[in-house]
Each structure stands twice: as structure tokens, then as C-alpha cells.
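Analysis of the macromolecular model
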Amino acid sequence: MKNSSARTTYLKDYRPPAFTIEATDLSFDLYEDHASVISKLLFKRNPQEDAASADTLILQGQMLVLENLLLNGRKLTADQYLVDDETLTIPGLSVILSGAVEEFDFECHVRIEPQNNTALEGLYKSKKMFCTQCEAEGFRRITYYLDRPDVMSKFTTTITADKEKYPILLSNGNKIASGSVENELGRHWVSWEDPFRKPSYLFALVAGNLLSLDDSFTTCSGRDIALQIFVEEKDIDKCDHAMLSLKNAMSWDEEVFGREYDLDIFMIVAVDDFNMGAMENKGLNVFNTSCVLANPKTTTDLSFQRVEAVVAHEYFHNWSGNRVTCRDWFQLSLKEGFTVFRDSEFSADMGSRTVKRVDDVAFLQTVQFAEDGGPMAHSVRPDSYMEISNFYTVTIYEKGAEVVRMIHLILGAEKFRAGSDLYFERHDGQAVTTEDFVRAMEDASGIDLAQFRNWYTQAGTPVLLVSGSYDADSKQYTLSVEQSCPDTPGQSSKKPFHIPFRVGLMDSHGQELMLKLAGDDADAAATDRVLALLQQKQQFVFEQIEREPIPSLLRGFSAPVRLRYDYTREQLFFLMVHDSDGFNRWNASQLLAIDIIGELQADRAQDRELILPQSLVDAYSGVLNSALSDPTLDKAMIAQLLSLPTQGFLIERASLADVESIHAVREFLADGLGKTLSALFARVYSDNQSEEEFKADAASVARRALKNLALSYLLRTGDEEYLQACESQFEGASNMTDQLAALRCLVNSDTEAAGKVKQQALASFYKQWSHEPLVVDQWFVVQSTCQLSGGLSRVKALLDHKDFEIRNPNKVRSLIGAFCGQNHIGFHDVSGSGYEFLADQVLVLDKLNPQIASRLLTPLTRWKKYDVKRQALMQVQLQRIKAEKNLSKDVIEVVEKSTV
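Each chain carries its own residue numbering, running from 1 in the direction its sequence is written. Only residues with pLDDT of at least 70 are given local features in this predicted model, and only at 80 or more are side-chain atom pairs given and counted; all residues enter the totals for whole chains, interfaces and linings. Based on all heavy atoms of the structure, the side-chain values leave hydrogens and waters out of the count.

1. A closer look at the packing of aromatic side chains
Stated precisely, the cut-off is as follows: Each Phe, Tyr or Trp ring, with Trp reduced to its six-membered ring, pairs with another whose centre is within 6.5 Å; inter-plane angles below 30 degrees give stacked pairs, above 60 give edge-to-face pairs, and intermediate values give tilted ones. A run of H or I in DSSP becomes a helix once it reaches four residues, and a run of E becomes a strand once it reaches two; helices and strands are each numbered from the N terminus. Only protein chains enter the calculation, and the probe is 1.4 Å; a residue is then buried if its accessible area is under 20% of its type maximum, exposed if over 50%, and partly exposed in between. Two conditions define a charge sitting above a ring: the NZ of Lys or the CZ of Arg must be within 6 Å of the ring centre, and it must be within 35 degrees of the ring normal.
In this structure the tally under the stated criterion is 47 aromatic pairs. Relative to phenylalanine 104, the ring of phenylalanine 43 has its centre 5.2 Å away and its plane inclined at 15 degrees; by these criteria the two rings are stacked. Highlighted residues: phenylalanine 43 in strand S3 (residues 35–45) and phenylalanine 104 in strand S9 (residues 103–112), separated in sequence by 61 residues. There is no split in this pair, since phenylalanine 43 and phenylalanine 104 are both buried. Ring geometry for tryptophan 252 against phenylalanine 316: centres 5.2 Å apart, planes inclined by 35 degrees, an arrangement best described as tilted. Of this pair, tryptophan 252 sits in helix H2 (residues 240–257) while phenylalanine 316 sits in helix H3 (residues 301–316); the two residues are 64 residues apart in sequence, bridging distant segments of the chain. Residues tryptophan 252 and phenylalanine 316 agree in their burial class; the two are buried. Directly above the ring of phenylalanine 130 sits lysine 125, whose terminal nitrogen or CZ lies 4.7 Å from the centroid. The ring of phenylalanine 257 has arginine 342 sitting right over it, with the charged end atom 4.7 Å from the ring centre.

This is the structure in C-alpha cells:
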């Protein structure tokens, strides 16, 4: 596609389809050098649309060779239709059909080349397997179709292929027939039927030589569901965790949301080459191998948790996405935001709710807030897009989930459940909008959400300026709150949001105070209140407060906003120790560190000696001593409290980020804490060793997290004793979490002693795991994110490694993406070499896989965060990409919005 052909799609231009497709019958004949696809469709005129609009049929199609076309069984001649790079158009239907256009049969024969489909959209080959990815607009690479989510049809699919090479042939729904192909020795066929109407983006096909882990699940109504996870033979020992996660998700969804599975079988297939994490195709989920395979020896705890979350997410889509889907792609958060909320709640119930909330918010504040502040900022329900693939974003997913979470908080659990029940009941089998979702919540609860809708239509991160004042004479404490939202591309003068603001007040002893607002009924007081912020400026007066309190604000991160309150360091330390809200305890630890880092950055700018503040030492030693004296404390939460803010988070919070200063000061603090508190960290490391067999339960994961955090601090001391401990852990680890943590510590250590062993450790690790692609991905990540100098040179050298494959998205993300997105000190080198490197890779990838190319561009879109020199260097590379001919729509949209 040439740059000039890219066009913008607007929500305001939405029109219902002129036709519906009542039935879709697909036949695939798969060969090594091509695939033949025959589609037989039953079209009906949409009675809601004007009859005149139904005289022309326009279908979407890309990269297709049209071989035959029939209407009502009659072959069309070349002068009866038009074909271009994007569409098949049949004008004058009433003439062709000799009468009014109400219903007709359509048959289309096309030829495609899956083996050459490097974009990994539609039907393609992943190694020796055929598979599909049709969301958002991949189905048009399979056959001509009304490829839009509001066209829902019943699908029947027949797949024919070589039986020896492709013994497993899968598609959506239930298997209805199979057999051998007459007169074609060695070929076989299987037919599948999906009884539920679905849009084309939920179609799936897999053909390969696969084994399956089989199990079953009995639903709440007593139905037995067959469960199958299909993988290559070498990976069959890595499916147990995904199967357990699936069964847990099925039970949880019945209990918490009342959603029972509907088909007779649920299948998952693991695929090496996949642009996304996974895809919720009806009854046949296709997964990136990184999101389904798990074994203690090859998989870290974080990856175990990711598998659990992604398996649940895709299963939950069966209702929030499949049974009820999107009317158009502007409504993407209708299914994704709601489902992320659901999988987040599931993960919280499976592990530590507080730690899950901390992890989610840390990601949101680092990544989504940055997106809100950049040139690609958009609302949860966007108004326009050039390429829909660019809007599979953290705003749609994570911020969309926060919007649903706020509705849950405003309504309460009982009314929210009533609202979701009504939503599913009212819209089952329909393609609907975010408005339909909110209206169901209103109708079920009786709560007006009119102003709340601003969260769907307004982009940007709201800012809350909060101050408190205490009147000893009246015993009243007043919270004054002012909300605002910065301008974003195409939007200014934002209307006030409806913000649920959860607060508590504590006395000097850490006791929670009863919160009675002026005018409250006598029984309305509670120690924890959700205040409704509805105006630009509001005041809340709490009565019967005996002494000046310390406020605990935005508890549980009750809304995705930036909170501005002038806490003292003493108050932050107090909240770290006493706040009953676990999230706010962590947040206080982060704010304390951020305040100290800011002060040290100022000292560094003035060439003053950096001194480790005693307040931070006291805070960390207090947490460490608590962990040592009370083994019942949540070790995962302890690890969070002992973790300094990430460089990414510090960059995002800065109005103008000084990368070198942030890196230097953060390293100074981490080194100082490691050395000053080495005795305590050593005890924590020792106390959390375990000889037990590996477990992936929450307590074991927490113990390993705390142990390995302690090890990372100990390596900073430079002591030979701790280097040897790290080497011993690396060599003797029984699980990937411990082995990879030790390797990362060694690789990032800048001591002379560590330098002698890190290369040996890297070589040993690769030799041990070179047969495991996902472990090799982690080997690439450890090196590409190494904070020591020479990062870009190491990454460039690894591009030539025999296991790096630029056509594989996992490899690209592990090496190029990890360096440019996570190695801030390396990528933002003042020479601009990191920016040039990224532009080089984007231009190569855009010709192969535009989706991956455009997503890699994200670090360059953040150019306004940096100093004038870096801004100019980043703009040079953006302009260089923009000047390239024949860019994809994916990349055009990003660079056009990012250049000045």
C-alpha cells in the first residue's frame, strides 16, 4: 500500500451493513505452495437499510487471486464485477438476479499463499503448521467477505490436507464429520460446525502434526465439556498449568459471573509465530506459545502467572466478546476492557489481591499514562483510526478495564453483577456498543452514569489536586479537590469526569477514623468512603475528628488519575507502616523514593556529593525487620515495598526526563541500600531458601520473589561471598525463576569478579537451553536489557545470532523491543544511535509484518519527554521513516501523528 492511499475511518460515519450473511460454508484445500478456498454464503438484504443501498455488493479482500465467482449458481463474467487491492464490487445486483434483491447465494473461489504470509494475518504457516489470526481484519486475506464485526453468521468449515503432514485439522465449533479424500491418496478431510453466530474475526483454522493434552470439565448444569490443548510433541510436558488454569477459570466464571460454557469442546492450540498473546476464536483459541506453555524448568514465575491470566482472559471472552461482540472496532474496549477487568479479578482471587493491584497499577502508570501524554493518545472509545491494529493499546485494554472497575466500585458488587447479567441477557448474539453496556448497568442498578460516560469519550489522564485543612475548634477536617485533564490531540477543554475517590483518615497512632460527612445520616459513617467527584472543584467536610488526621487518598487506586497531594516524608513513612490499604502502603513507599530521587537529582545537577538519606534506610530496614520477625507477612508485598520505582516510571512522571540523571541516582540508591543493609538482605535471602519441590502457588512465588530481590541487592555490594552465592544459585537452580534471576544479577554486575563469570554463565545457559525457543527469548532479554555500557553493540551482535529470526514476533520483542523499550540508558544514548537503530529495524519489519513494526515505534513517539537534543534526534528518525515509500497504514499512522 502506498502512503497516499491511507485513509481515516470515523465513528460518525458508521452505517449498518446493507446485507447480512445468514450462513457461511468454507472449504479449504491446503497444499505446501498454496491453499484453495471456496466460500458459499447466503446473503439477505438488511431490512433496516434502504433497498437502494442493496443493489451493490462490496466485499473486502486482500492478497487474493480470484478464480471463480457465482451468484445463485450462475458464473459471473469479468464485466459484471470489479476487483482492486482492497475490495470485490458487484454492481447492479437487481439486473444480475433479474429482480428485487432480497436473498441470494454467493460462491467464491480464491487461491492464497499462506507460506508467504509474513504479516501473520489471515491464514499463514507457522513453521510446519497452518493457522489463522483474523482479528481485526485478517479474514479478508482468506476470502472475500463482509469483514466487519457487526456481520454475524453461522459457520461450517471443511478442511482438506495431507494426512501424514497434517493429521490434526481443527476449526470452530463441534466436529461433525471426517473422512479420506476419494481418488487422492494420503489426503483427508474434517468438517466443523459452529452453532453460534459469530463475526468473521472469530474464525479459526489449524492444521498440523500435533499432540494434545486432554481433560474434561463438568459445568454447573451437569454438561461434560471436552478440553484439549494442542502442541508440538516436544511441548506436551508444558501444558498442565494451562489446563489447570482453564478449569479454574471455567469454575470462577460460573461462580462470579454466572457464565456457563456453551459448546461441547474447548480447544487451545500453541503457535510459535503469533503477533499477539492469544486469540479467543469461538471454541478454538490460538495462543502464542509464550502464553500457554509452562514448566518449572523452563518457565519463570511471572510467565506462570501470565499463562494463568491469558488462558482465563481468552476463555472469559466466550461471553464478553463472542456471545456479545462489538458493533464496530471503535467499541473494541467493550470486549477487551471488560474482559481484562474479569481476568484481573480472577488473578486476584487466585493469588494476592493487593499485589495484583500493585502490578496492574504500576503497569498502567508507566505505560498507559505515557500513552495518554503522547501523540497517539485516544479515548477508550476512539472517534477515528487509520489502521485499527494500532488501537490494540493499553488505553483500550488496561484503561478500559479501569473504567469497568470504576463502575463496579460505584455500583457495588451486587448491582454490578445484576448489570452484567442484564447485559448478557439483553444482548446475547448481538454486536453492540459501550453505550449498551453502560445502559445495562444503569437499568439494573438505578444509578445515573450520564457524567461517567466522559471516561469513554475523553482522552487523557485526569489530575487531582488535593489539599486538607483541619479546624480544631469545630473538629472538622476538610478535603478540597480540584480535577483537570490536559489537552490531548484533537481534544481540549475537557468536561469534568465522574471520579470515584476512595479515602480514609488515620490518627497519629495509625487508627482508622470514622468518616462522617456533614449532612450524613447517623448510620452513614464508615472508616472507608468512596466520594463522588463530579465538579471541577469540590470540598468534603468530615465531622467529629478529634485531632488532625493523616489522609489515605485514592485507596486501591480507585480511579486512573494522577494524584497531587503535598505529603511530607514523615507522613509517607507513616502510611508505609500503618495504612490498612495495601496498595497505599506500596504507593507511599514509591512516593517516598521518588521524592528522594528528585532531591538527589538536584544535588547531582549542582555537582554536590550524593548522600544516602537515612529516612530511606530507616524505611527499608523497617520493612526488612518486619519480614524477618513475622513470617506470616505477605512476602510478595514485602518485595514490592523493597523495590525502588522503575526507570520507566520515573521517566513517565518527569515533565522533562533526564535519563542519565534518573539512571545514576537510582543506581546510587540501589547500591547504597544493598551495601548499608547487606546483613538484613543476607538474612532474608537465607531465610527464603527452600529444598521443597517446586510449587507455583502464591506463597512459593512470593518467597522466590523476595529471595531473588534480596540477591539483587547483595550483588551490588561487590562482596565475593555474595557473588559466589549467585553463581551457586545459577548452577544449582531447580527452576527457571531462580536460574534466570541469578543470570540477570551476574550480567548486570559491573564488578571485575563478575565480569569473569558472566560470559561463562551466558554461554552455559544458552548451551543448556538452546533447544527451547522461549528460554532463548529470555536469554535475549537478559542481554538486551543489561544496564551496563555497550548495550547497542551487544544487541546488534545478537541480530546475527543463529537463533534470532526477524520474522518471529517473540524474537523481535525479546531483542529489539526489550532494548528500545526497557533499556532506557542504552536506547537514549545522547549520540542518537539507539534511535537510528530502531528506525532501521522498523523499516525492515514494515515490509514483513506491519503490525509488529508499528508497535516497535512506540519509544520514538515519546519524544516530547526528553531534552531538546534528543527530541531533534528522535524527530530525524521519525521523518526518515515517514519519507520512505510504500509504508504500511500501520506505520504511516504512527509517524504522521508523531512528527512535527
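2. Things to note about unusual backbone geometry
Each neighbour pair has its own omega, and for glutamate 135 with alanine 136 the value is 5 degrees, a cis peptide bond. For alanine 136, the location among the structural elements is in the loop between strand S11 (129–133) and strand S12 (154–162). A positive phi angle is found at asparagine 72, which is not glycine, with a value near 50 degrees. Turning to its location among the elements, asparagine 72 is positioned in the loop between strand S5 (65–71) and strand S6 (74–75). One non-glycine residue with positive phi stands out, namely glutamine 544, at about 60 degrees.

3. Some details on the nonpolar core
Quick reminder of the rule: Side-chain atoms within 4.5 Å link the members of a nonpolar core, which is a set of buried Ala, Val, Leu, Ile, Met, Phe, Trp, Tyr and Cys residues. The contact criterion used is simple: two residues touch if any of their non-hydrogen atoms lie within 4.5 Å.
The biggest cluster of nonpolar side chains holds 285 residues, and the ones touching the most others in it are Phe106 and Phe542. The contacts of phenylalanine 542, once residues within four sequence positions are left out, are Lys475, Gln476, Tyr477, Leu479, Val503, Leu505, Leu515, Lys516, Leu517 and Leu531.

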